[in-house]
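# Residue-level structural notes
The primary structure of each chain is shown beneath.
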Amino acid sequence: MKFMKLGSRPDTFYTNEAVRSVSSEVTSDLIVQVKGSRYLLHKFPLLSKCLRLQRICSESPETLQHQIVQIPDFPGGTEAFELCAKFCYGITITLSAYNIVAARCAAEYLQMTEDVEKGNLVYKLEVFFNSCILHGWRDSIVTLHTTKAFPLWSEDLRITSRCIEAIALKASTHPSKVSLSHSHSRRVRDDVSCNGVEGQRQRPAAKGWWAEDIAELGIDLYWRTMIAIKSDGKIPSNLIGEALQIYASRWLPNISRKIKATREPAGSNSDSDSASEVTSKSRLLLESIVSLLPSEKGAVSCSFLLKLLKAANILNVSSSSKMELARRVALQVEEARVSDMLIPLSSSSNTLYDVDIVLTILEQFMLQGQSPPTSPPRSKLGTERRRRSRSAENIDFKLQESMRSSSASHSSKLKVAKIVDGYLQQIAKDINLPLSKFIAVAETIPDFSRLDHDELYRAIDIYLKAHPDLNKSERKKLCRVLDCKKLSVEACMHAAQNEKLPLRVVVQVLFFEQTRAATTGHKVTDLPSNIKALLASHNIDPSKPPRALSTTTSIPGDDQWSTVSGLRSPKSRISTLRMKLAEDDDLDENDMNPDGMGRPSKFKGFCALPTGPKKMFSRLLSTNRNATEKS
């Protein structure tokens, strides 16, 4: 820390009955009142250097013994005035980064310029400020910090702007070339001197050596300093992001606890005002940090952005700041963790988490247009190839090239799908979560992004347990997002015995599990007694697998269910399955018509089956109906 001493005489100021005086053989003739304090001084040394005091004394009438001068608005208070007075008396004063701003403002107020006397205080302070303070890293930061007490004076004298420019210039310089003097900066300088410059360059921490020190600034000065650093263009965006994380971790920790602690004893207006003040300051700080975020993707971590979003909800920041954070999160949401996505709502809300902002994030992610809207192309059998025009082949070629060029984005969607399914499992526990929001989150992910539906099924199961009052239509609506073909054997075994699932879903699971069992030779899982009884009442025996698949038939992708030869021959299996679907429709119709007289639609149950079996069952049912009508 740099300092400067002026004057050579010993300090002879003393206090007597609340009056500050100076020891002298000459009788005092001037009384100066500064903010309630009285100084008994002499005109000669003060008026010879202070032009303002000269004018005040010339305009005020003299008394018999002392002339009184009142200065109620003196910048820096009594300490700054005493520094100027001691300089006039030639008494030794020490100036440093901690008091130079106050001394400079006081000297400017008293007009201690070169026009009054050569080598006056303003000149000496300017020389010290420019040659020492602005050259030191820590001195510049401390001086900038002290300008907060004199904002208008510091702006007029350009103290604030010069400190910010000096800090921004040094931040883009290697620490070995900067005069460092404190805390983290001192440790970095020691590392440079011990390990050498080359060794220090290999350490990434040295690149952002300035971040911790400027984090001591208030948000207004910090914002201006970061703007200057960013406008210089020499600092990489990732280092700007690291600096913002350091600042946020220092000034925004446990926001919810702070606000809650301030609001708890809200028994008086003063407590309410203090809580409002804490909230408004934190809100301003958060919005300022958001405005400083680098525009480059990956400059800050997705976890940090989501933490800011959580704080934004607690502090009720502006909707524009929330949307900006949501847009930035959407650019790298594949890096998020499920716990990061659980953004709490204010205490006045019924639901636990802000599902709407997560929906916004996912929608923004899907609208990036960096990946194909459909799943990657699958291999097709030669029998299914169709003759196409040359233009169609060219379009297909361009589409495949686009898919290959955006493979990274496709993998991002696969990651996001896993995150969303984990998120659904967490929010499903909320008893106040509306069904529409749960389904909306589940449907934001395209079907091809979910390679399997096990985690989605687990989320649905959790939601059904947490919401036992769902009616049948609501449970069916919930299960429409589930694709039974993408369930594993373990998930199928669980779903087949899940009494909370709609019966139609259980039949679908049994259908696909039986087909898979016929392929692999495994045994179909046991069912609960109530489901067995219901199926047995319609002569459905789920323990009997369908006929084995043809060994000469290959199964192509989406059409694998339409080529199962075993489903064509056992007409009794088709009949019983049709009866089960009809029973499910009967139950739906009875729910809508209490008298049970309505005629159910036998084809309504087919909407939940895959395309291949649906078409095949439709033909069989049509043939069966015609034969019945003829008979």
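Everything numeric here is computed off the predicted structure, so don't read it as measured data. (Residues numbered from 1 in each chain as written. Predicted model: local features only at pLDDT ≥ 70, side-chain atom pairs only at ≥ 80, totals over all residues. Heavy atoms only, no water.)

### Brief notes about the nonpolar core
- Met112, Trp210, Ile214, Tyr222 and Met226 are the most contacted members of the largest nonpolar core, which totals 151 residues.
- Here this core takes 9 residues from helix 15 (residues 302-315), the largest share from any one element.
- With residues near it in sequence (within four places) discarded, Tyr222 still touches Ile214, Ala215, Leu217, Ala243, Leu244, Tyr247 and Leu292. (Core = buried A, V, L, I, M, F, W, Y, C linked by side-chain atoms within 4.5 Å. Buried < 20%, exposed > 50% of the residue type's maximum accessible area, 1.4 Å probe, protein only. Helix = DSSP H or I, 4+ residues; strand = E, 2+ residues; numbered from the N terminus. Contact = heavy atoms within 4.5 Å.)

### Concerning the packing of aromatic side chains
- Per the counting criterion, the structure on display carries 10 aromatic pairs.
- Ring centres of Phe438 and Tyr463 lie 4.8 Å apart, and the angle between their planes is 35 degrees; on these two criteria the pair is classed as tilted. Here Tyr463 lies in helix 22 (residues 454-466) and Phe438 lies in helix 21 (residues 435-443), a separation of 25 residues in the sequence.
- Ring geometry for Phe511 against Phe512: centres 5.3 Å apart, planes inclined by 75 degrees, an arrangement best described as edge-to-face. Accessibility assignment for this pair places Phe511 and Phe512 in one class, buried.
- Every member of this aromatic cluster is reached through a ring pair, and the members are Tyr39, Phe74, Phe81, Tyr109 and Trp153.
- Taking the ring centre of Tyr109 as reference, the NZ or CZ of Arg52 above it sits at 4.2 Å.
- A cation sits over an aromatic face here: Lys86 above Phe13, 5.7 Å from the ring centre. (Phe/Tyr/Trp six-rings, centres within 6.5 Å; stacked < 30°, edge-to-face > 60°. Lys NZ or Arg CZ within 6 Å of the ring centre and 35° of its normal.)

### Focus: the pattern of salt bridges
- In total, this model carries 19 salt bridges according to the counting rule given.
- The residue Glu165 makes a salt bridge to Arg158 at a minimum N-O spacing of 3.9 Å.
- You can call Arg158 partly exposed: its relative accessible area is 41%.
- In this structure, Glu455 engages Arg458 in a salt bridge whose closest nitrogen and oxygen atoms are separated by 2.8 Å. In this pair, Glu455 and Arg458 both sit in helix 22, 3 residues apart, roughly one turn of the helix.
- For Glu455, a relative accessible area of 36% corresponds to the partly exposed category.
- Given a relative accessible area of 40%, Arg458 falls into the partly exposed group.
- Through salt bridges with shared partners, a single network forms among Asp11, Arg20, Glu82 and Lys86. (Salt bridge = Lys/Arg side-chain N within 4 Å of Asp/Glu carboxyl O.)

### Points about empty space enclosed by the protein
- Scanning the model with the defined rule gives 5 cavities of 30 Å³ or more in all.
- If you add up the space inside the second largest cavity, you get close to 60 Å³.
- If you trace the second largest cavity, you find it lined by Pro294, Ser295, Glu296, Lys297, Gly298, Ala299, Val300, Leu305, Arg328, Leu331 and Gln332.
- When its residues are assigned to classes, the lining of the second largest cavity shows 5 nonpolar, 3 polar and 3 charged. (1 Å grid on protein atoms, 1.4 Å probe; cavity = no way out; pocket = protein on both sides within 12 Å on 5 of 7 lines; lining within 4 Å. Points joined across faces, edges and corners; volume = space filled by probe spheres on them. Nonpolar A, V, L, I, M, F, W, Y, C, P; charged D, E, K, R; others polar.)

### Some points on helix 18 (residues 355-366)
- Between the first and last C-alpha of helix 18 there are 16 Å, a value that for 12 residues agrees with the 16 Å anticipated at 1.5 Å per step.
- If you check the start of helix 18, you find a side-chain oxygen 3.3 Å away from the backbone N of Asp356, and it comes from Asp354. (Expected span 1.5 Å × (residues − 1). Polar contact = N/O pair within 3.5 Å; in protein donor to acceptor, adjacent residues only side chain to side chain.)

### What to know about the pairing of strand 4 (residues 30-34)
- The buried fraction of strand 4 is high, at 4 of 5 residues.
- Taken together, the 5 bridges between strand 4 and strand 5 (residues 37-41) define a ladder with antiparallel strand orientation. Its bridge partner lying in strand 5, Gln33 is registered against Arg38.
- In sequence, strand 4 turns back onto strand 5 through a hairpin of 2 residues, with Lys35 there showing a positive phi of about 50 degrees.
- Strand direction decides the pairing type here: strand 4 and strand 6 (residues 67-71), joined by 5 bridges, are parallel. Across the sheet, residue Val34 finds its bridge partner in strand 6, namely Ile71. (Pairing = 2+ DSSP bridges.)

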